[in-house]
Amino acid sequence: MRNGVVEVLDLGEYLVNYGEFVENNHELVPASYVVEWWQQDLAAAGADVQALRDDPAVDLADPPAREALAWAEEYDVPLHPKYTYLWHDLSVDGFEALADAVASSGRFAEADGAAIESPPSAGSDRTLVLPKTDAVTDALETLVVQHTQGEETVTVPDAVPLVRSLGFTADLERTWERLSERARTWDDGANSHRAVNETAPFDLQERAPTRVGNRMGRPEKSESRELSPAVHTLFPLGEAGGSQRDVSAAARQRDVSSTPGEVEVEVARRVCPDCAEETFRGRCRECGAWTKPRYVCPDCEREVDPDEAGRAECPRCETLAYATERRSLDLDTELRDALDAVGERDGSYDILKGVKGLTSTHKLPEPIEKGVLRAKNDVSAFKDGTVRYDMTDLPVTAVRARELDIDVDTLRELGYETDIDGAPLRHDDQLVELKLQDIVLSDGAAEPR
Ligand SMILES: [Zn+2]
Ligand SMILES: [Zn+2]
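Colleague: For this particular structure, what's the right way to read the overall build of the protein chain?
Modeller: Across its full length, the protein chain carries 14 helices and 15 strands. Taking 449 residues into account, the globule formula puts the C-alpha radius of gyration at 22 Å, and the protein chain, at 35 Å, lies well above it. For the C-alpha atoms alone, the extent of the protein chain along its principal axes is close to 110 × 60 × 45 Å. Counting across all 449 residues of the protein chain, residues that qualify as buried make up 28%. A sequence separation of at least 24 residues applies to 62% of the contacts in the protein chain between residues at least 6 apart.

Here's what the structure looks like:
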């Protein structure tokens, strides 16, 4: 904490898009009562919202208290979010204590703090002065009502929506004596949402009904995820190809005992359900159908069907059957077929690196084609076959050129013409709203390879 900050009362609002709920398989949760929602309520109540939007004298997102109160009254819509405080966070006891303080010692003051006898009834931008007690400051801090704490008093600017919500007239006359039993016991008395809707002359929505925890992103930990040494294709070469696991070298290699490019490796044992072709591939080369693993008992060599959990135990020997086998592969043909399939040549890349063996349970080799394209584009695969760069998924809505280590001309070239206030973009410290399609990469991800 610096610059005299003692406590952070609220971190504000955060937009969680629908996709996050889908991705995390989470039920939708109640949203905050925000300006966009309030505008829809206003339109549904018959107001000409477009005309209000077009009116240069009206600021729908940040209206003065007088206007917000007038809209609530005229259209019978909930009070504007700007003046809707976190009533659901305040206990009923806290609510009553704040109302009692307003009733017993509350007074309106001029902006300079001098007390005035009777406030103009039409005026709504008045400053409320309350005694500085724990009950008052706790309540205002819980509600997140902007105020100033002095030696003996607390002043609340723009306070008419607050006192109307608490059930007082604009002349500070209390309009209620007792809350109903239902309001007092709502949420076991921990939540004054019911209470305030009983005392206020307008409806109040829940300002922040859902809270989320957040983790701190660590941008400096972002990095490409790749194997060391690099791998282009998760295709097994056995002992061939040398320490580099060079697929092309392995395809040319000739042992005394074998034909060129012939390697013996452990791969999947699969069968095509349509044409019964036996293969190590995920897809049948003869007919294109998806193949199925074939489990064979290592003791009695009979074929075993896996159960629902994918466990294949031999009913006779009670041994686990395997769907892999040692098999001789013609790497030279495999590589040439792959190059033909993607229209590339051996010279399209410097080196195409495979692996010694597959570590996965089913040992299903990747199509070499994918490795050819990775090697050509100088990217390598992680052990799960992905090519990826891991970094924090951090929602960023606004940026400054200075923060991105670019100059403002670069931002303008990208189509940014104005800052968040609509002023022409000229300086590298102007805040700019990030366009929907743009993302900010960490320095490491932006480095040319
Ligand atoms: Zn087939
Ligand atoms: Zn067996």
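Colleague: Before we go on, may I ask you to explain the packing of helix α5 (residues 92-105) against helix α6 (residues 134-143) in this structure?
Modeller: Packed helices, taken two at a time, are described by the angle between their axes plus the distance between the axes. Where α5 meets α6, the axes come as close as 9 Å, and the angle between the chain directions of the two elements is 120°. It follows from the interaxial angle that α5 and α6 lie oblique. Handedness of the crossing formed by α5 with α6: left-handed. Residues Gly94, Ala97, Leu98 and Ala101 of α5 form the contact with α6, whose participating residues are Ala135, Val136, Asp138, Ala139 and Thr142. Within the contact of α5 with α6, the residues separate by chemical class into 6 nonpolar, 2 polar and 1 charged.

Colleague: In this structure, what is going on with the domain arrangement of the protein chain? I would like to understand it.
Modeller: Often, the extent of an interface is quoted as the loss of accessible area on bringing the components together. The domain boundaries assigned to the protein chain delineate domain 1 (31-214), domain 2 (247-387) and domain 3 (398-446). Of note, the centres of domain 1 and domain 3, computed from C-alpha atoms alone, are 37 Å apart.

Colleague: Quick question: what am I supposed to make of the confidence of the model for the protein chain here?
Modeller: Do not read the fine detail of predicted coordinates wherever pLDDT is low. Residues at a pLDDT of 70 or more form 94% of the protein chain, whose mean pLDDT is 90. This model gives residues 117-122 a pLDDT under 50, and the stretch forms 5 contacts once residues within four places in sequence are excluded.

Colleague: Is there a simple way to think about the nonpolar core in this case?
Modeller: If you look at soluble globular proteins, the nonpolar side chains tend to sit buried side by side. One finds Leu128 and Val163 to be the most contacted residues of the largest nonpolar core, which totals 43 residues. Apart from residues lying up to four places away in sequence, Leu128 is in contact with Gly106, Phe108, Thr155, Val156, Ala159, Leu162 and Val163. Membership of the second largest hydrophobic core comes to 30 residues, among which are Val231, Tyr295, Cys297 and Leu331.

Colleague: Where do I start with the packing of helix α11 (residues 331-342) against helix α12 (residues 368-376) in this structure?
Modeller: At their nearest, the axes of α11 and α12 sit 8 Å apart, and the two run at 65° to each other. As summarised for this structure, α11 and α12 are arranged roughly perpendicular, according to the angle between their axes. For the element pair α11 and α12, the recorded crossing hand is right-handed. Packed against α11, whose contacting residues are Glu334, Leu335, Ala338, Leu339, Ala341 and Val342, the element α12 presents Ile368, Glu369, Val372 and Leu373 at the interface. Among the residues making up the contact of α11 with α12, the classes are represented as 8 nonpolar, no polar and 2 charged.

Colleague: Help me understand the environment of Phe95 in this model?
Modeller: Structurally, Phe95 is set in helix α5. Filtering out sequence-adjacent residues up to four positions away, Phe95 remains in contact with Leu90, Ser192, Ala195 and Val196.

Colleague: For this particular structure, what's the right way to read the sheet that holds strand β1 (residues 107-109)?
Modeller: By way of backbone hydrogen bonds, the strands of a sheet pair with one another, either parallel or antiparallel. Strands sit in the order β1-β2-β4-β3 across an open sheet of 4 strands; the sheet is antiparallel. The open sheet terminates on both sides in strands that have one partner only, identified here as β1 and β3 (148-149). Two strands pair when backbone bridges link them, and β3 and strand β4 (residues 153-156) are joined in this way by 2 bridges, in the antiparallel orientation. Bridged to Gln149 within β4 is Val154. Packing of α6 onto the sheet brings it into contact with β2 (127-131), β3 and β4, and relative to β4 it is tilted by some 30°.

Colleague: Which parts of the structure should I look at to understand unusual backbone geometry?
Modeller: Of note, the bond from Ser228 into Pro229 is cis; its omega dihedral lies within 30 degrees of zero at -5°. Inspection of the secondary structure assignment puts Pro229 in the loop between β5 (223-225) and α10 (247-252). With phi around 50°, Asn25 is a residue other than glycine that occupies positive phi space. By the secondary structure assignment, Asn25 is in the loop between α1 (18-23) and α2 (35-44). The exposure class assigned to Asn25 is exposed, which follows from the 6 C-beta atoms found within 10 Å. One non-glycine residue, Leu172, lies in positive phi territory at about 65°. Position of Leu172 relative to the elements: it lies in the loop between α7 (160-165) and α8 (181-185). Looking at Leu172, the number of C-beta atoms within 10 Å reads 19, which means it is partly exposed.

Criteria and thresholds
- Residues numbered from 1 in each chain as written.
- Chains lettered and ligands numbered in written order.
- Predicted model: local features only at pLDDT ≥ 70, side-chain atom pairs only at ≥ 80, totals over all residues.
- Helix = DSSP H or I, 4+ residues; strand = E, 2+ residues; numbered from the N terminus.
- Rg over C-alpha atoms; globule rule 2.2 N^0.38 Å.
- Buried ≥ 20, exposed ≤ 12 C-beta atoms within 10 Å, placed from the backbone.
- Contact = placed C-beta atoms within 7 Å.
- Axes fitted to C-alpha atoms, helices over the stretch in contact; angles between N-to-C directions.
- Parallel < 35°, antiparallel > 145°, perpendicular 65-115°, else oblique.
- Left-handed = near helix turned anticlockwise from the far one by under 90°.
- Nonpolar A, V, L, I, M, F, W, Y, C, P; charged D, E, K, R; others polar.
- Domains from an automatic or database assignment.
- pLDDT = per-residue confidence, 0-100.
- Core = buried A, V, L, I, M, F, W, Y, C linked by C-beta atoms within 7 Å.
- Pairing = 2+ DSSP bridges.

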